[in-house]
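# Residue-level structure breakdown
Spelled out from the first residue to the last, the chains are:
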Amino acid sequence: MRRGVTGATRDGRAALTLALSCLLAACSVPVAAGLDEGDANEAVVALERGGIVAEKERDPETEAAYRVLVARDDASSAVGLLAEENLPRRATPGVLSALGQGSMVPSRLSEQAKLVTGTSGELERSLLSLDGVVSARVHLAVPARDPLALGDGTVPTTASVLLRHRGAAPPIATGDVQRLVAGAVAGLEPQQVSVVLSLAPALARPKERDLARVGPLTLTRSSVTPLRLLIGGGVLLNLVLLGVVLLLWTRMRRTELALADAKVSPNSAKTPR
């Protein structure tokens, strides 16, 4: 009987552990995969800022990469929030990577196009490194110059920059953007750089998506009450099982004492006077 009660207690605890594991881990789905650690961290921070609990882990399908997991019920909201934040960042080739994509018969025009593409990518990375910048696009119009052409009929170099930012004031002034772009392209003057600033909408986080900590866990406030009820139910179940164990142990003890007394009484009756 004692073994049976102990087994029941163990089964109750195992069921509680399984329920907690399903609630906290097994019901997670990936919303971004194949990321480097920096992009994964950025996605996790953006999701938690929006009130969605997220975690990163090694991507089992891509070597040396990470993926971001959220609860199954939050998957659609997480995908929408990442798209709004332009995350993960679009891979923009730099100058070295663009020039490294050589063709069998490279031409002067193709090499110039690769250089322009790489310069645009480097400028976009620089702008994205600023706090408050959500997305950045840099378009360079660098006409091909023919060294054999006579006269000065070349088209001037121009550039346009589209910058989406968050906050009432832009994180960088228009003049600073113009000087940054002009300094990276030979023959480009700051006044020939057009800058368009676009205000990204602020993240509207519902109150029920505010995050709270329960011991080592980070949950939304709407999940705190169900978790506490689950934990309280588990504690109550353990207390009930403990009470049953004590009651059965007490009855078994009384039965053992009664049997011992019954064995002693017949022996006493047969003893001669």
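For the structure, see preceding data.
All values derive from a computational prediction rather than experimental measurement. (Residues numbered from 1 in each chain as written. Predicted model: local features only at pLDDT ≥ 70, side-chain atom pairs only at ≥ 80, totals over all residues. Heavy atoms only, no water.)

## Details of the overall build of the protein chain
Selection criterion: By definition, any uninterrupted DSSP run of H or I lasting at least four residues is a helix, any uninterrupted run of E lasting at least two residues is a strand, and each is numbered from the N terminus. For the exposure calls, accessible area comes from a 1.4 Å probe over protein chains only, and a residue counts as buried if that area is under 20% of its type's maximum, exposed if over 50%, partly exposed in between. We call two residues in contact when some of their heavy atoms are within 4.5 Å. Residue burial considers only the protein chains on display, and all accessible areas are found by Shrake-Rupley using a 1.4 Å probe.
Broken down by element type, the protein chain carries seven helices and eight strands. Here the protein chain holds 273 residues, and the buried ones make up 27% of them. A fraction of 64% describes how many contacts in the protein chain between residues 6 or more apart in sequence connect residues 24 or more apart. Of the roughly 17600 Å² of accessible surface on the protein chain, a fraction of 60% belongs to carbon and sulfur atoms.

## As for helix H5 (residues 108-128)
Spacing of three or four residues puts side chains on the same side of an α-helix, whose turn is 3.6 residues. As a reminder, the rule being used: How far a helix is expected to stretch is found by multiplying one less than its residue total by 1.5 Å.
In a regular helix each residue adds 1.5 Å, so 21 residues correspond to 30 Å; H5 covers 30 Å between its end C-alpha atoms and thus fits that length. Of the positions making up H5, those classed as buried are Gln112, Lys114, Val116, Gly118, Thr119, Ser120, Gly121, Leu123, Glu124 and Leu127.

## Some details on the pairing of strand S6 (residues 193-199)
Selection criterion: Each pair of strands is called paired provided DSSP finds at least two bridges between the two strands. With its strands directed away from the observer, a crossover is right-handed exactly when the path from the first strand over the helix to the second travels clockwise.
As paired strands, strand S5 (residues 158-165) and S6 are joined by seven bridges and run parallel to one another. In the sheet register, serine 160 faces S6, and the bridge partner there is serine 194. In this fold, S5 hands off to helix H6 (residues 174-184), which returns the chain to S6; that crossover is right-handed.

## Section: the packing of aromatic side chains
Keep this limit in mind: Geometry of aromatic contacts follows a simple scheme: Phe, Tyr and Trp rings, the Trp one being its six-membered ring, pair when their centres are within 6.5 Å, and the pair is stacked under 30 degrees between planes, edge-to-face over 60, tilted otherwise. Criterion for a charge above a ring: Arg CZ or Lys NZ at most 6 Å from the ring centre, at most 35 degrees from the ring normal.
For the structure on display, the rule yields zero aromatic pairs. When the ring centre of tyrosine 66 is taken as reference, the NZ or CZ atom of lysine 56 above it lies at 5.1 Å.

## What to know about the side chain of glutamate 85
Mapped onto the elements of the fold, glutamate 85 is located in the loop between helix H3 (75-84) and helix H4 (95-100). For glutamate 85, a relative accessible area of 7% corresponds to the buried category.

## What to know about the sheet that holds strand S1 (residues 28-35)
Worth spelling out the cut-off: Here an angle of 0 to 180 degrees is reported between the N-to-C directions of two axes, which are lines fitted to C-alpha atoms, with helices fitted over the stretch in contact.
Read across the open sheet, the three strands follow the order S1-S3-S2; overall the sheet is antiparallel. Edge positions in the sheet fall to S1 and strand S2 (54-58), since each of these pairs with one other strand and no more. Sheet twist, expressed as the average angle between the axes of neighbouring strands with direction ignored, equals 30 degrees. Strands S1, S2 and strand S3 (66-71) of the sheet are contacted by helix H2 (residues 37-49), whose axis makes an angle of about 160 degrees with S2. Sitting on the sheet, H3 touches S1 and S3, and the angle it makes with S1 is about 30 degrees.

## A few points about the nonpolar core
Stated precisely, the cut-off is as follows: In this text, buried Ala, Val, Leu, Ile, Met, Phe, Trp, Tyr and Cys residues form a nonpolar core when linked through side-chain atoms within 4.5 Å.
The biggest cluster of nonpolar side chains holds 19 residues, and the ones touching the most others in it are Val31, Leu47, Val68, Val70 and Leu82. Of all the secondary-structure elements, those providing two or more residues to this core are S1, H2, S3 and H3. Considering each element in turn, this core owes the most residues, five residues, to H2. With 18 residues, the next largest nonpolar core counts Val133, Ala159, Val181 and Val185 among its residues.

## What about the side chain of glutamine 112?
Put simply, the rule is: Each polar contact in these results corresponds to two N or O atoms within 3.5 Å; when the atoms are within protein, one needs to be able to donate a hydrogen and the other to accept it, and residues that are neighboring in sequence are counted only if both atoms are side-chain atoms.
Following the sequence through the fold, glutamine 112 ends up in helix H5. Polar side-chain contacts of glutamine 112 include one of 3.4 Å to the backbone oxygen of proline 143. Residues within four places of glutamine 112 in sequence aside, it is in contact with Val142, Pro143 and Ala144.

## Description of H2
Here is the rule: Directions are taken from the helix axis to each C-beta atom, and the arc is the one they span.
In a regular helix each residue adds 1.5 Å, so 13 residues correspond to 18 Å; H2 covers 18 Å between its end C-alpha atoms and thus fits that length. Those residues of H2 that fall on the buried side of the exposure criterion are Ala40, Ala43, Val44, Ala46 and Leu47. For H2, the arc enclosing every buried residue in end-on projection is 165 degrees, short of the 170-degree limit, so these residues lie on one face. Buried-residue contacts for H2 involve S1, S2, S3 and H3.

## Some points on the sheet that holds S5
Spatially, three strands are ordered S4-S5-S6 in an open sheet, and the strand pairing comes out mixed. For this open sheet the edge positions go to strand S4 (133-141) and S6, each flanked by a neighbour on one side alone. Here the average twist between neighbouring strands, direction ignored, is 10 degrees. The sheet contacts of H6 involve S4, S5 and S6, and relative to S6 the element is tilted by about 135 degrees.

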